[in-house]
Amino acid sequence: MHSTVIVGAGPAGMAAAVVLARAGEHPIIVDEAEQPGGQVWRKPAAPLQPALARILGRAAAAEHEQAHAEFASIAASVDHRPRHLAWNLQGGELFVIEHRRIRPLRYGALLLATGATDRLLPVPGWTLPGVFSLGGAQTLLKDQGALIGRRVVFAGASPLLYLAALQYKAMGATVVAVLDTTALPEKLRATPALAAAAPRVLARGLSYMARLRAGGVAIFHGVTALGIEGQDYAERVRFRCSRGAEHDLAVDAVALGFGLRAETQLLDLAGVPLAFDVDFRQWLPIVDGDGRAAPGLYAAGDGCTIGGAAAAAISGRLAAYAILADRGVAVPATEVAMLRARLARLRAFQRALSRAFAWPAHWLADARDDTVLCRCENVTVGVVRAAVAAPLGPREVNRAKALTRCGMGRCQARFCGLATAELMAHALAAPVATMGRHRSQAPVKPIPLDATLVDEDTP
Amino acid sequence: MTVLRVNTAIVGGGLMGCWTALMLRRRDPGHCVCVIEKGKVGAQASGVNYGNLRIQGRHPGQLPLSLRAASLWERLPDLIGEGCEFDATGHLYAARDDAREIAKVETAARQASEAGLATELLDARALAQRWPWLNGFSMASWSPRDAIANPRLVTPAVARAARAHGALIHEDTAVHGAARTGAVFRIDAAGGLTIEADTLINAAGAWAPEVAGWFGEGAPIVPAGPPQFVTDAVPYFIRPSVQAVDGTVIFRQVRQGHVVVAGYPRSPSDPVANRAPVDARKIVNAMGHLLRAVPALEGATLLRVWSGIEGYLPDMLPVIGPSGTTPRLVHAFGFCGHGFQLAPGVGDVLADLVLEGSSRTPLDRFSIGRFADGSAEVAEHFTREFDRSLQVQAVAHPGAQRTR
Ligand SMILES: Cc1cc2nc3c(=O)[nH]c(=O)nc-3n(C[C@H](O)[C@@H](O)[C@H](O)COP(=O)(O)OP(=O)(O)OC[C@H]3O[C@@H](n4cnc5c(N)ncnc54)[C@H](O)[C@@H]3O)c2cc1C
Ligand SMILES: Cc1cc2nc3c(=O)[nH]c(=O)nc-3n(C[C@H](O)[C@H](O)[C@H](O)COP(=O)(O)OP(=O)(O)OC[C@H]3O[C@@H](n4cnc5c(N)ncnc54)[C@H](O)[C@@H]3O)c2cc1C
């Protein structure tokens, strides 16, 4: 039995490990990635380290370095297991796989800090080679210093579009345009709430836009009718701007991002209830303010509530204090109170952001029938619509999956699940929350068939 | 309150309930039939099973029913207007180099031929010649007539066909209770729906004992399910469905390339919480057995695991036939992990019972009375292919008796 196991060495998991280690604990922290850091503090490949400030900007690079230095300082008290995927959770055991070796880990407390991935929206041509998720585009850059293309369009509904565009520009790519599907008035309406919650973060975000503009990058707000075309790979992006004019841009790559979606599979496997969040328009686990999900089970970071890197780190610390408090260890009350207050502000900011950058779910109402919805199983919008319209047709997403294979493939509906629910809700004229969510099934990600079980304590 | 008057009411919209409704309407278009399903049609065992339409290897008492079902499956598009990925791939019932396993396969082959099913016994060389990718079996019985179909598609398709033939299908409508007064069943269902019927069919799957209990009878049902998984898609090369007679691994490949696998032993599932947990260790075991049987699958990945809620009885035979306590109550449940194949046959047989009062297909082995009078045996594979906790549960039931 290990006292605490943490899944995810992103900002949330790292911060939690620091608190636990300083309290004299020896947590295990597993992460499928090679390096700690998660999405935002991803550690670049060694030759790229000197370019960090250029990629991230000076302020972010400093935060990045500080987080890693802090994590490195507790290395002796933490059992960090990179390249370990947690793929199943059952009866108080976490099943972890590393290179074909499966180990069941028993734990006293389990903290799930699994982060978020891109939310995608199927537009015509989104499955063409050369089209990446925004996160994928950033990962490639931060991990390997590689670009998805030379002439890149960033499109979608997310503040991260601007950040990623800037990073690409800094590394020498031509950013053809940023196509923001949210309208400017909506963003202006959200500004007071954003400014109240986190003025500095807002200022940083606005500076990204200003710097892109100054660098000659075209920014379009309120973009509609987005589509990607090309023979064998993405060659053109077509769209309509807010003035109603049609545009056609030559590109060799496109990054698409419509916000984030929490990675909740392990929480779901553990039986933690999820509720539909109307702002984030997705299902999030029901936890208390410090991340308690069930006895012995805790959640933090973007896998729990979309909040951004700073909120993730704070929620990781709070969850670690909750673990300690639940064991009867005294925790610093004033620090906890201060963390809670800052977390509340940052999350309020993120909520306002989610309204300013709402994903255009209504696009699914008139999505073309031939658009691929589930790319793993190659199921189109039309196939799901036809199933819904048939007698005894599906009324929620799991049934749609059973009948059409939509969401049945490798990604377990990570990338089509939310869009499928929106599509069905439009087809049935029903609220999207009543379309349900895809039930999680092990493995969280595919594992090799030739994996074998080894004893928990075999090194 | 709405009162619906029908000739036959069917509790349970799984395969058994839906096929029965379709067959009743096809055979007597004047017969008013209603299926009442607490969730969605075919969302339980009928929709999550492994998809084997295996005839060989069954208890000999089941073969006439199974063959009747097979000839209906073979006409599926005629009957329901959809193909549901039915594919007569053939089935290999395979033994390792073990005298008991070999004897079991030989017995199954003999019983099949006595019942009129053509099978072929193949030795290791013949196996290697026909299926060079298959490994570790010393012989097998090959039944070319055995088939597969997509269980996710079949029940809704049968229900649509039944509806098109005039059957009433009520989804999201749980039956809370039923009683017979005079010659009429009164059935209370969710949403204030009351149904009056001349005949009541209990096709409630793993939940059927509750329905039987309303009429003072029962059966030692054990709700359970086999651990199952599917791999990611690999090029299509596994044509037949393959089953190791010891139950350790059963697999088939679908045209899209995914390999569907059932392992063992079966684990308890929970019909009340509606959960069918899958033990990770059993899955990892089954992955090993699969790779030993088909080494070429090395490099494939595990995509998803699942199980289901099926009703098992200790003698591994279903209950099909009239109630012992109540006239015009007919049971069809407890299909012990092999009801997918039987379903159209069961529907046709129940239509016999409802419309004609008897069936030409022998049903004597399936009477519910066998548990009350203690004549039911505990099957050998029931003791082997289930978790111990489940065996204890069934054997402790007063209706079950251990004979060996
Ligand atoms: C590509 C990308 C770029 C982003 N850039 C920014 C940014 O610049 N600024 C910002 O504020 N936010 C950014 N975000 C949002 C991001 O989610 C941050 O808010 C932050 O990284 C969240 O921290 P976290 O610890 O909750 O999760 P993450 O940083 O996502 O870390 C989760 C970690 O858990 C691991 N993990 C997940 N599941 C398993 C499993 N089953 N087994 C083993 N390991 C697992 C992952 O490998 C990952 O390392 C970005 C998000 C993405 C997807
Ligand atoms: C994992 C698994 C793999 C299997 N593999 C195979 C195979 O390969 N080959 C094969 O031949 N068989 C297989 N089987 C068995 C086969 O699936 C079942 O025998 C068959 O589906 C049983 O059908 P049914 O209609 O009796 O039950 P079900 O499909 O369970 O239907 C019963 C229905 O009754 C409903 N119900 C219950 N109580 C009420 C109530 N009070 N009111 C209203 N509705 C109610 C339920 O909601 C349910 O939908 C497998 C089973 C499982 C679980």
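You'll find the structure just up there.
Residues numbered from 1 in each chain as written. Chains lettered and ligands numbered in written order. Predicted model: local features only at pLDDT ≥ 70, side-chain atom pairs only at ≥ 80, totals over all residues. Heavy atoms only, no water.

Novice: Quick question: what am I supposed to make of the interface of chain B and chain A here?
Specialist: Reports often express the size of an interface as the amount of accessible area lost when the parts come together. Contact with chain B, which involves 35 residues of that partner, is made by 32 residues of chain A. Taken as a group, Arg152, Arg281 and Arg304 of chain B account for 23% of the area that chain B buries against chain A, more than any other trio of residues on that side. If you look at where chain B meets chain A, you find two salt bridges. A salt bridge links Glu93 of chain A to Arg281 of chain B, with the shortest nitrogen-to-oxygen separation between them at 2.9 Å. Our enumeration of links across chain B and chain A arrives at 15 residue pairs in polar contact (both at pLDDT 80 or more). (Contact = heavy atoms within 4.5 Å. Buried area = accessible area lost by both parts, 1.4 Å probe. Salt bridge = Lys/Arg side-chain N within 4 Å of Asp/Glu carboxyl O. Polar contact = N/O pair within 3.5 Å; in protein donor to acceptor, adjacent residues only side chain to side chain.)

Novice: What's the story with the environment of Pro285 of chain A in this structure? I'm lost.
Specialist: Residue and element names in this part refer to chain A. Looking at the secondary structure, you find Pro285 in strand S18 (residues 282-285). Judged by its relative accessible area of 8%, Pro285 is buried. Each C-alpha atom of the pair Pro285 and Thr305 lies 7.9 Å from the other, and the pair is 20 residues apart in sequence. The contact partners of Pro285, leaving out residues within four places of it in the chain, are Thr264, Leu267, Val272, Pro273, Leu274, Gly303 and Cys304. (Helix = DSSP H or I, 4+ residues; strand = E, 2+ residues; numbered from the N terminus. Buried < 20%, exposed > 50% of the residue type's maximum accessible area, 1.4 Å probe, protein only.)

Novice: Sorry, what's going on with helix H5 (residues 160-170) of chain A here?
Specialist: Residues lying three or four places apart along an α-helix face the same way, a consequence of the helix completing one turn every 3.6 residues. Residues and elements named next belong to chain A. Counting buried positions along H5 gives eight out of 11 residues, so the element sits mostly inside the fold. Turning to H5, its buried residues number three or more, namely Leu161, Tyr162, Leu163, Ala164, Ala165, Leu166, Gln167 and Tyr168. Directly beyond the C-terminal end of H5, a positive phi value near 100° is found at Gly172.

Novice: Would you take a moment to explain the site of ligand 2 for this structure?
Specialist: All names here are of chain B. In the neighbourhood of ligand 2, 34 residues make up the surrounding shell, with Glu37, Ser46, Asn52, Val175 and Glu310 lying closest. Measuring from a nitrogen atom of ligand 2, one finds a backbone N or O atom of Val175 at 2.9 Å. One of the backbone nitrogen or oxygen atoms of His338 is found 3.1 Å away from an oxygen atom of ligand 2. Considering ligand 2 on its own, with 1000 Å² of exposed area, one finds that the protein chains cover 97% of that surface. At the level of secondary structure, the elements contributing two or more residues to the shell around ligand 2 comprise helix H1 (15-27), helix H2 (45-48) and helix H10 (339-356). A breakdown of the residues in the shell around ligand 2 according to their chemical character gives 14 nonpolar, 16 polar and four charged. (Near = heavy atom within 4 Å. Areas by Shrake-Rupley, 256 points an atom, 1.4 Å probe, with all protein chains shown as cover. Nonpolar A, V, L, I, M, F, W, Y, C, P; charged D, E, K, R; others polar.)

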